[in-house]
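# Descriptive structure summary
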Amino acid sequence: MRMRKLITLLAVLTLAAPLMFFGCSGDDGATGATGATGATGPQGSPGQDLSATFNLESCAICHDDQNVRNGDAHQADYDARFQDNVVTVSNVAYNYNNNQHIVTFNMTKAGQPFNCTQTSTGAKDPRTGTTEDSLGILFAEYTAATRSFDPPAPLKARMSLGSQGSATSPSTLSYTAAGNLCTSTVPDNVLVDNVVTPVGDLSTRNGIIVVYGRDDVNGALPSPARVVLSVFPFAGLSETGPAGVNYVSAANVTGCEKCHTVPYLKHGYIYGRVAGDNTNDFYTCKGCHMDNGAGGHQIWQLLVDNPQRAASFEAAGETGLTPAETAKYAYKTRLMNDVHMSHAMEFAYPQSMGNCATCHEGKLAATLTDNNFTLETCKSCHPVTGGTDLPDADGDFTVDTRTKNSLNKQAPALKNILPPALHGAMNLDNNTTNCNGCHSVGSAIAAPVFGAIHTGYDKVIYGVPGTKYSTAITVTIDNASFVDNTNILSFGFHATGSSGVGGQAANSANIVPTILVGLYGYDTKDYLFGPHESSGSPSKRLLEFSTATPPPSNNSPRITVTGGAGTWNVTANLSDWNGWIDNGSVKRVEVGVMPSLKNADNVVIALNAPSRTFNLGTKAFEPNFFGNSIVRVPGGAVGGVVSGCNNCHDALATTFHSPDRGGNVVVCRLCHITKAAGSHLELQSRSIDSYAHAIHRFQDFDTGSIDFDDPVEALHYEHHVQSNFPTFGIEDCRACHNAGKFNVPNQGLSLPGVLSNTDFGTVRNIGTIDNNVITGPATRACGACHRAEAIIANAGFGDAIKLANINSHMTTFGYMIKDTTPSSILNVIVQIFSSFGDNGTIVVGP
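Residues numbered from 1 in each chain as written. Predicted model: local features only at pLDDT ≥ 70, side-chain atom pairs only at ≥ 80, totals over all residues. Heavy atoms only, no water.

### Focus: the overall build of the chain
Across its full length, the chain carries 24 helices and 37 strands. Counting the 846 residues in the chain, one finds 53% classified as buried. For the chain, the accessible surface area stands at approximately 34700 Å², while carbon and sulfur atoms represent 54% of it. (Helix = DSSP H or I, 4+ residues; strand = E, 2+ residues; numbered from the N terminus. Buried < 20%, exposed > 50% of the residue type's maximum accessible area, 1.4 Å probe, protein only. Areas by Shrake-Rupley, 256 points an atom, 1.4 Å probe, with all protein chains shown as cover.)

### Considerations on the packing of aromatic side chains
For the structure shown, the criterion picks out 22 aromatic pairs. The interplanar angle of 35° and the centroid separation of 6.2 Å between the aromatic rings of Trp300 and Tyr331 together place this pair among those described as tilted. With a gap of 31 residues between them, Trp300 in helix α5 (residues 298–305) and Tyr331 in the loop between α7 (323–328) and α8 (335–346) connect regions that are remote in the sequence. Assessed through its relative accessible area of 7%, Tyr331 is described here as buried. Consider the rings of Phe529 and Trp580, whose centres lie 5.4 Å apart with planes at 70°: the pair is edge-to-face. Residue Phe529 is found in strand β23 (residues 527–529), and its partner Trp580 is found in helix α17 (residues 578–582); the two are separated by 51 residues along the sequence. With a relative accessible area of 11%, Trp580 lands in the buried category. In this structure, Arg214 is placed above the aromatic ring of Tyr269, and the distance from its NZ or CZ to the ring centre is 4.5 Å. Stacked on the ring of Phe621, the Lys or Arg Arg612 has its end atom at 3.6 Å from the ring centre. (Phe/Tyr/Trp six-rings, centres within 6.5 Å; stacked < 30°, edge-to-face > 60°. Lys NZ or Arg CZ within 6 Å of the ring centre and 35° of its normal.)

### So, the sheet that holds strand β35 (residues 773–775)
Here we have 3 strands laid out as an open sheet, ordered β34-β35-β36, and antiparallel in their pairing. Taken across any chain shown, the strands that pair with only one partner, and hence form the sheet edges, are β34 (753–755) and β36 (816–818). Direction aside, the axes of adjacent strands within the sheet are offset by 35° on average. As defined by bridge partners, β34 adjoins β35 across 3 bridges and the pair is classed as antiparallel. Bridge pairing in β35 places Val754 opposite Ile774. (Pairing = 2+ DSSP bridges. Axes fitted to C-alpha atoms, helices over the stretch in contact; angles between N-to-C directions.)

### Overview of the pairing of strand β18 (residues 474–483)
Sheet analysis places β18 next to strand β19 (residues 488–496), joined by 9 bridges and oriented antiparallel. Paired with Thr474 across the bridge in β19 is Thr496. Connecting β18 to the antiparallel partner β19 that follows it, the hairpin turn spans 4 residues, and Asn487 within it adopts a positive phi of roughly 60°.

### Overview of helix α24 (residues 824–834)
In terms of residue burial, α24 counts as a mostly covered element, since 11 of its 11 residues are buried. Those residues of α24 that fall on the buried side of the exposure criterion are Ser824, Ile825, Leu826, Asn827, Val828, Ile829, Val830, Gln831, Ile832, Phe833 and Ser834.

### Points about the confidence of the model for the chain
When pLDDT is averaged along the chain, the result is 83; 85% of the residues meet or exceed 70. Across residues 635–642 the pLDDT falls below 50, and counting only partners more than four positions away or on other chains, this stretch makes 13 contacts in the model. Counted against residues more than four places away or in other chains, residues 838–846, with its pLDDT under 50, gives 30 contacts. (pLDDT = per-residue confidence, 0-100. Contact = heavy atoms within 4.5 Å.)

### Digging into the state of the cysteines
For the coordinates displayed, the defined rule picks out 1 disulfide. No disulfide involves Cys785; its sulfur sits 8.6 Å from that of Cys733, the nearest cysteine. (Disulfide = S-S within 2.5 Å.)

### Describing unusual backbone geometry
A negative phi angle characterises most non-glycine residues, just as the trans form characterises most peptide bonds. In this model, Val262 is joined to Pro263 through a cis peptide bond whose omega is 0°. Looking at where Pro263 falls in the secondary structure, it is placed in the loop between α4 (253–257) and β14 (265–266). Despite not being glycine, Asn99 shows a phi value in the positive range, around 55°. Residues other than glycine seldom take positive phi values, yet Arg147 does so here, at roughly 55°.

### A short note on the packing of α5 against helix α6 (residues 307–315)
Interhelical geometry of α5 versus α6 gives an angle of 140° and a closest axis separation of 6 Å. With respect to α6, the element α5 is oriented oblique. Contacts between α5 and α6 involve Gln298, Ile299, Leu302, Leu303 and Asp305 from the first element and Pro307, Arg309, Ala310, Phe313 and Glu314 from the second. Of the residues assigned to the contact of α5 with α6, the class counts are 6 nonpolar, 1 polar and 3 charged. (Parallel < 35°, antiparallel > 145°, perpendicular 65-115°, else oblique. Nonpolar A, V, L, I, M, F, W, Y, C, P; charged D, E, K, R; others polar.)

### Re the packing of α6 against helix α21 (residues 711–721)
At a minimum axis separation of 9 Å, α6 and α21 run at an interaxial angle of 70°. With respect to α21, the axis of α6 lies roughly perpendicular. By crossing handedness, the relation of α6 to α21 is classed as left-handed. Contacts between α6 and α21 involve Pro307, Gln308, Ala310, Ala311 and Glu314 on the former and, on the latter, Pro711, Val712, Leu715 and His719. (Left-handed = near helix turned anticlockwise from the far one by under 90°.)

So this is what it looks like as structure tokens:
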């Protein structure tokens with residue numbers, strides 16, 4: 001390595017353009033402490049000249065969890081919720097005596113006897129308006145022939161055997177300290193059609209008794225409001241009747257735990273599985289989600305079937321359906337309907353609904369049996385007509401993307417996939433139609449069976465059922481070298497494997513790779529020069545090269561690729577950055593490959609994109625470089641719990657990019673660099689930390705293109721921004737990050753970044769910032785979530801005061817500088833890292 005250039009501070013500062021501090025805190029932002037007065041910004045006033053010394057971010061001084069909260073404190077706050085097995089229920093028993101239903105059980109808290117009557121005072125949580133604590137007891141009768149749970153006849157609604165936290169509860173709940181015995185007594189005088197009707201002794205009926213509840217809460221999600229952030233959830237079960245219950249769910253609680261809490265807690269406090277016993281999966285749900293109950297969320301089907309009607313229906317408080325609409329959108333409260341509809345139609349669910357194995361792994365044979373091939377099953381995922389088939393209020397079809405939440409996972413409308421010649425006479429509004437009349441083994445009509453139409457696996461991700469393409473087909477970076485005097489980086493990689501049959505067949509020899517080389521800045525995890533950046537006229541990528549035929553017109557001229565059919569060699573000329581390399585500003589590079597491969601159906605399949613960090617000085621790969629340790633490996637395991645992006649996504653990037661970007665967040669970062677502003681998200685950087693934080697807080701994309709006067713577009717926007725991180729708390733940093741990697745960024749290990757402006761033309765209350773700004777790592781990463789909170793506050797219309805306060809705070813203890821020229825961010829990076837040089841000297845680029 002040639003001798004580094006040592007440049008004095010004065011020389012560096014002459015390189016820096018006179019950039020001005022941009023006061024985002026309000027209309028009368030304060031003048032900086034030193035430096036010449038700069039031009040007035042659109043939401044701030046005179047700022048500080050970059051040619052003067054400006055403040056580095058000092059967040060870590062206070063945000064150390066001793067004085068002020070930090071990332072560990074966020075995680076600790078989350079960990080205070082959903083504390084498993086602290087409150088326990090045992091020995092649930094039932095007796096019928098003197099025309100009364102009597103349920104007894106024991107409760108403990110932290111191993112000590114617990115008075116069940118003290119689980120609720122009826123007081124309201126001022127934060128949420130909900131009762132702090134609750135206890136409920138439900139009974140559901142089981143019919144083995146139909147595998148269904150329903151209230152005992154003659155009841156037509158769920159049967160309560162006791163509760164606390166309800167002023168209208170008919171039960172008497174008592175506690176006897178001797179023996180730690182809880183007793184709930186309910187008279188057998190229920191009303192059916194306004195007539196007092198006894199149910200009788202439940203011990204003669206096969207069914208389940210569920211005791212469930214929570215002791216204390218830690219808030220509630222704004223949407224869906226039915227999720228309560230409990231602290232100490234509890235549940236107990238008992239079976240009744242001569243035969244008991246032999247029900248085995250076709251779904252798995254472990255499927256829910258891939259995205260939600262571990263253990264899974266429905267509504268935030270109802271155990272999906274009691275005492276870790278997988279033989280009672282979803283038993284606790286059956287007390288409410290009865291197989292013959294009338295469903296009450298008609299908005300779900302309306303959202304995808306007729307979004308215009310959904311907008312007016314919601315505006316009317318979800319009332320006013322016509323008799324015809326009521327009949328059309330009627331459904332039963334069975335779990336299949338509630339889970340399928342909510343995940344396919346309401347939630348921003350990041351998978352294809354055809355990926356049944358997510359929830360039904362190991363049970364697909366029972367799930368996709370012809371007996372289940374009914375119109376009710378189909379309509380639980382598919383709209384009948386489909387919102388994508390209807391124009392919005394303006395007469396155009398912008399609703400086409402809005403109803404999909406920008407995810408390609410919505411099931412297509414039945415009318416678009418059912419051949420009209422065969423299905424034209426079918427009443428698709430009739431939930432009782434059975435498709436298996438024709439679609440079954442032995443049918444006189446040679447129609448495909450359920451298991452042939454749906455394999456249960458996303459055909460983009462799986463070549464054969466149960467095996468991902470990314471497991472069977474792999475790409476490996478084998479070697480790399482760097483020659484100092486020519487600045488030529490060389491590396492080789494190969495691909496192996498094949499998967500699938502027929503239309504699913506794919507072979508690694510047909511991979512069309514895109515090569516990327518990113519130049520890390522200093523000792524940080526970020527790229528000083530990203531491969532996706534462009535320069536020249538006509539514009540060319542810096543270090544990104546696709547081997548596609550014909551080649552992209554903007555392929556990098558600095559990269560040459562030879563070979564093919566499974567083995568490739570690459571040379572990358574880094575001469576344009578030899579000065580940065582010589583003085584140590586660039587010490588490492590990340591070499592990455594995005595392997596694009598199509599199956600026989602001409603569909604791009606999901607493969608993992610490998611990358612390796614290469615040290616230009618030691619001429620060796622650096623396997624444990626910092627950049628690989630921030631985010632958990634997608635699909636990896638930590639502490640025995642599967643973790644990472646693929647928990648929810650199954651194969652990263654298949655629903656928001658192309659499938660060749662999977663398996664490696666470091667490759668995502670090769671394009672998502674700190675130097676670029678977020679092109680779709682307001683006031684965010686393109687860097688992956690800013691993007692991921694804002695996206696998972698459900699800040700919406702491209703708000704300037706939304707017509708808020710259109711009720712459909714406004715409805716979609718409101719629903720999107722009111723969504724929540726699926727572990728029931730964005731404070732759950734560990735869901736994505738490795739331990740110890742979610743505190744304030746080290747200023748020497750992360751580059752500054754550029755934040756975007758506001759998306760103009762909106763009617764929201766966040767003010768107008770009409771230029772990009774340069775900020776520090778903490779403002780970019782940690783601030784991303786806080787800015788998103790302010791932007792989506794008040795049902796998505798924003799909180800200008802909160803946003804101004806955030807910007808003011810982060811400017812006071814850091815910096816926000818106008819990004820006035822393409823070189824602005826580089827100049828800021830040089831100046832900041834000059835302060836980390838040796839003995840007062842400064843290491844910078846040429």
